[in-house]
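# Structural features, examined
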Amino acid sequence: MSEQSSKADAYWAENKRLMVILLVIWALVSFGFGIILRPLLSSIEIGGTDLGFWFAQQGSILTFIALIFIYAWRMNALDRKYDFDEE
Amino acid sequence: MSQYALNLIFIGGSFILYIVIAWVSRAGSTSEFYAANRGVHPVVNGMATAADWMSAASFISMAGLIAFTGYGNSSFLMGWTGGYVLLAMLLAPYLRKFGKFTVPEFIGDRFYSKTARLVAVFCLIVISLTYVIGQMTGVGVAFSRFLEVDNATGLFIGAAIVFFYAVFGGMKGITYTQVAQYVVLIFAYTVPAIFISLQLTGNPLPPLGLFGEVSDGTSLLVKLDQVVTDLGFEEYTALNSSMFNMVLFTLALMIGTAGLPHVIIRFFTVPRVRDARYSAGWALVFIALLYLVAPAVGAMARLNLIDTVYPNGTQAEALEYEARPQWMKNWEITGLLTFEDKNGDGRINYYNDANEEAAGALAGSPQGNELDVNRDILVLANPEIAQLPGWVIALVAAGGIAAALSTAAGLLLAIASAVSHDLVKGAINPTISERAELMWARVAMAVTIGVATYLGLNPPGFAAQTVALAFGLAAASIFPALMMGIFSKTVNRSGAIAGMLAGLLSTVIYIFVYKGWFFIPETNQLADVPENWLFGIAPTSVGAVGALINFVVAIVVSKMTGDVPAHIKELVESVRTPRGAGVATDH
């Protein structure tokens, strides 16, 4: 295996690891806190309802924004680390 | 000045703005027509994507659906934003690196097959057409109200305007016009929401007002739960449908978002791969501005509506029909709000007549619910219900129309490029001239708008529900093919074709059985009620299952057939790393 392709494999593995971590958070705040785990969070009150309702209507959206910017920032750093960036 | 005149000034003024921008930056060549020469900054592209994305479904319809269902429809909020996470991580950067113009082009090259490309064209047309029907529903609602005509006339006028508008410019014109449309629609959405939030909760920020307190010191949501249950409706903050369906529906909307051709196409227009990543983030920021306000709009509008009908509280007599406010009279003209005095007491008895216990406790002696409010009118009627000044009402009119127009134009462009670029040029006549290609694009737009208008007269659901069906179709067909194209080196030509067809057809047939064949009313085999659904899966949620079928079929068929050629494996390797993402090439 050439040096270039093993470098590409390592880059791809790191990319996938980052993606998996962020997608776990993505699923946790929406399908988890927002829907399936909502009954477990029902004791935490917020503005006349519970935390699960807040995650379903606001919290998940705010988390999604953070996830995309974290991904873009980490990936751009990864591009430079493995010398795959565009400049 | 009359409200009618104000509406015309705001709608007309915003139109002139869009047309001037479209004219100044009009498309000259095919490359400009489709992809704006890739000279678009990520923030600008994000804003244009947001305008493209937030359609009549988001602007006009979504808050109304949340208002009348409550928590259960949070799926729209999570689904239509969560899809951007998938798009940013799983598709956008790689498709930008690939560097072609259209989604079918990627599928055709990656799966080294003209057939795969044609199947993708077919999927794209089915998805976008369904989506346009939802837009036309919203356009009909908006135009009928603000021009004070009936719903069908409003739809015809709207269709004519959408047609001229989309045929006029290509992507480049659309990009800058859409920035203007975003600004108009976000102001139109948030300004009345701020007024209403201040009136009800004293908090100028609607997302905080939603969790705030009303004037008597109780929480807004507690108050809302109380009045809706008084009238026999389901509790607002509770889950009143199946959790399984809510999960599936949210998932279908998320995957569908990432598989929508007219959204994906936007990520071809940024200069670099890293801009594609940030573009998705910026798009979501601009989208979230509306999506964080929408649940507040829904809850507050529901409360205001009930306050209007029961001015002395839900325990007292309902409002007299003769004393009804002007906005009810206005919406009666469109036929989207109707009153029938069933018990002859001259009052608007509005309640859930399926709940007999609650009905018995109401003042007066209602003989059934007498007020029917179309969910799609709620956002547009919202400023009138809250008695806001005339210019706010006119602003909302311009915003609703901007939302519908921008998305309809983007969809028409996606269909046009699929037909002219992928079907005619890619498969039928590769030597076609640029001029003839553009002609085919315009013909495709005209046919689409005709079909969508016809079906928009008898839509399969409220605007956002029809649009949700389009998402299901995108989830089941395009998204899995793109994702496997990037993340797998073993899925081959036969697997991709079989997967896309299995996903699309299983989803489309499931939908047609309940919604009518080709959405023509009265042609459905089974009534669209939960008792009839297979495994309790709603037609709007089935896209998530279709996506799973697509993945499984593609992987199994690929295992049984041959390996992927070496040069395709190299192609997959190359899209995974950003270096060398030049400008797109046209074959």
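Residues numbered from 1 in each chain as written. Chains lettered and ligands numbered in written order. Predicted model: local features only at pLDDT ≥ 70, side-chain atom pairs only at ≥ 80, totals over all residues.

## As for the overall build of chain B
Note the following rule: Each helix corresponds to a stretch of at least 4 residues labelled H or I by DSSP, and each strand to a stretch of at least 2 residues labelled E; elements are numbered beginning at the N terminus. Values of the radius of gyration come from C-alpha atoms, whereas the globule rule sets the reference at 2.2 Å times the count of residues to the power 0.38. Three exposure classes are used, all based on how many other C-beta atoms lie within 10 Å of a residue's own C-beta (placed from the backbone): buried at 20 or more, exposed at 12 or fewer, and partly exposed between those limits.
Looking only at helices and strands, chain B features 23 helices and two strands. Relative to the 2.2 N^0.38 estimate, which gives 25 Å for 587 residues, the radius of gyration of chain B is 24 Å and therefore close to what a compact globule would have. Principal-axis analysis of the C-alpha atoms gives chain B an extent of 75 × 55 × 40 Å. Burial analysis of chain B (587 residues in total) assigns 60% to the buried set.

## Considering the overall build of chain A
To be explicit about the condition: Once C-beta atoms are placed from the backbone, any two residues with those atoms within 7 Å are in contact.
Scanning chain A from N- to C-terminus turns up two helices and two strands. Going from the N terminus to the C terminus, chain A shows its helices and strands as α-β-β-α. For 87 residues, the compact-globule estimate of 2.2 N^0.38 gives 12 Å, and the C-alpha radius of gyration of chain A, at 18 Å, exceeds that figure by more than 25%. For chain A, the spread of C-alpha atoms along the principal axes amounts to about 60 × 25 × 15 Å. Considering chain A as a whole, with its 87 residues, one finds that 31% of them fall into the buried category. Taking all contacts inside chain A whose residues are at least 6 apart in sequence as the whole, residues at least 24 apart take part in 57%.

## Observations concerning the interface of chain B and chain A
Inclusion rule: Classes in brief: Ala, Val, Leu, Ile, Met, Phe, Trp, Tyr, Cys and Pro nonpolar; Asp, Glu, Lys and Arg charged; the others, Gly included, polar.
Contacts between the two partners involve 41 residues from chain B, matched on the other side by 34 residues from chain A. Of all the secondary-structure elements, those providing two or more residues to the side of chain B that touches chain A are α5 (74-98), α11 (220-230), α12 (243-258), α14 (273-309) and α23 (566-576) of chain B. Per-element accounting of the side of chain B that touches chain A gives the leading share, twelve residues, to α14(B). Here the residues of the side of chain B that touches chain A sort into 26 nonpolar, nine polar and six charged.

## Remarks on the nonpolar core
All names here are of chain B. Here is the rule we go by: We define the nonpolar core as any set of buried residues of the types Ala, Val, Leu, Ile, Met, Phe, Trp, Tyr and Cys, connected via C-beta atoms lying within 7 Å of each other.
In this structure, Ala120 and Leu185 are the most contacted members of the largest nonpolar core, which totals 228 residues. Examining the composition of this core, we find that 24 residues originate from one element, helix α18 (residues 390-428), more than from any other. Residue contacts for Leu185: discarding those within four places in its chain leaves Ala51, Met54, Phe59, Gly399, Ala402 and Ala403.

## Section: the packing of helix α20 (residues 463-487) of chain B against helix α22 (residues 542-560) of chain B
Residues and elements named next belong to chain B. Our working definition: All axes are obtained by fitting lines to C-alpha atoms, using only the stretch in contact for helices, and the reported angles, taken between N-to-C directions, cover 0 to 180 degrees. What sets the label is the angle itself: under 35 degrees gives roughly parallel, over 145 gives roughly antiparallel, 65 to 115 gives roughly perpendicular, and the rest give oblique. By the definition used in this description, the sense in which the near helix is turned from the far one sets the handedness, with an anticlockwise turn below a right angle giving left-handed and a clockwise turn giving right-handed.
The contact between α20 and α22 brings their axes to 7 Å, and the two run at 30 degrees. Overall, the two elements α20 and α22 adopt an arrangement that is roughly parallel. Considering how the two elements wind past one another, α20 and α22 form a crossing that is right-handed. For the pair α20 and α22, contact is made by Phe471, Gly472, Leu473, Ala475, Ala476, Ser477, Phe479, Pro480 and Met484 and by Val542, Gly543, Ala544, Gly546, Ala547, Asn550, Phe551 and Ala554, respectively. Residues belonging to the contact of α20 with α22 are distributed by class as follows: twelve nonpolar, five polar and no charged.

## Quick notes on helix α7 (residues 114-146) of chain B
Residues and elements named next belong to chain B. Operational definition: Take the residue count of a helix, subtract one, and multiply by 1.5 Å to get its expected span.
In this model, α7 (33 residues) spans 47 Å end to end at C-alpha, consistent with the 48 Å of a helix rising 1.5 Å per residue. Counting buried positions over the 33 residues of α7 gives 27, a clear majority of the element. The positive-phi residue at the C-terminal boundary of α7 is Glu148, with phi of around 55 degrees.

## Concerning unusual backbone geometry
With a phi close to 35 degrees, B:Tyr112 is a non-glycine residue in the positive phi region. As for its placement among the helices and strands, B:Tyr112 is situated in the loop between α6 (103-110) and α7.

## Notes on the environment of B:Gly456
Residue and element names in this part refer to chain B. Positionally, Gly456 belongs in helix α19 (residues 434-457). In the structure, Gly456 is positioned 326 residues away from Thr130 in sequence and 9.8 Å away in space, judged by C-alpha atoms. Setting aside residues up to four positions removed in sequence, Gly456 forms contacts with Ile133, Met136, Thr137, Gly140 and Leu155.

## Remarks on the environment of A:Glu86
All names here are of chain A. Tracing the backbone shows Glu86 in the segment after α2 (51-81). By the C-beta count within 10 Å, which is 16 here, Glu86 ends up partly exposed. Here the alpha-carbon distance between Glu86 and Asn76, two residues ten residues apart in the chain, equals 9.8 Å.

## What to know about helix α4 (residues 56-69) of chain B
For α4(B), which comprises 14 residues, the first-to-last C-alpha distance of 19 Å matches the rise-based estimate of 20 Å (1.5 Å per residue) to within 8%. Immediately downstream of α4(B), the backbone of B:Gly70 shows phi near 85 degrees, a positive value.

## As for the packing of α5(B) against α20(B)
Residues and elements named next belong to chain B. At their nearest, the axes of α5 and α20 sit 12 Å apart, and the two run at 25 degrees to each other. The pairing of α5 with α20 is recorded here as roughly parallel in orientation. Pair α5 / α20 crosses with left-handed handedness. Packed against α5, whose contacting residues are Phe76, Leu90, Leu91 and Tyr94, the element α20 presents Ala464, Leu482, Met483 and Ile486 at the interface.

## A word on the confidence of the model for chain B
Residue and element names in this part refer to chain B. Filter applied, for reference: The score called pLDDT rates the predictor's confidence residue by residue, from a low of 0 to a high of 100.
For chain B, the average pLDDT comes to 84, and 95% of its residues sit at 70 or higher. Ranking the elements of chain B by mean pLDDT puts helix α2 (residues 30-35) last with 53 and α22 first with 94. Among the prediction metrics, the complex's ipTM stands at 0.94, with pTM recorded as 0.89.

## Quick word on the environment of B:Glu148
Residues and elements named next belong to chain B. As for its position among the elements, Glu148 is in the loop between α7 and α8 (151-168). Taking C-alpha positions, Glu148 is 8.0 Å from Tyr4, a pair spaced 144 residues apart along the chain. Once residues within four sequence positions are removed from consideration, Glu148 is found in contact with Tyr4 and Ile333.

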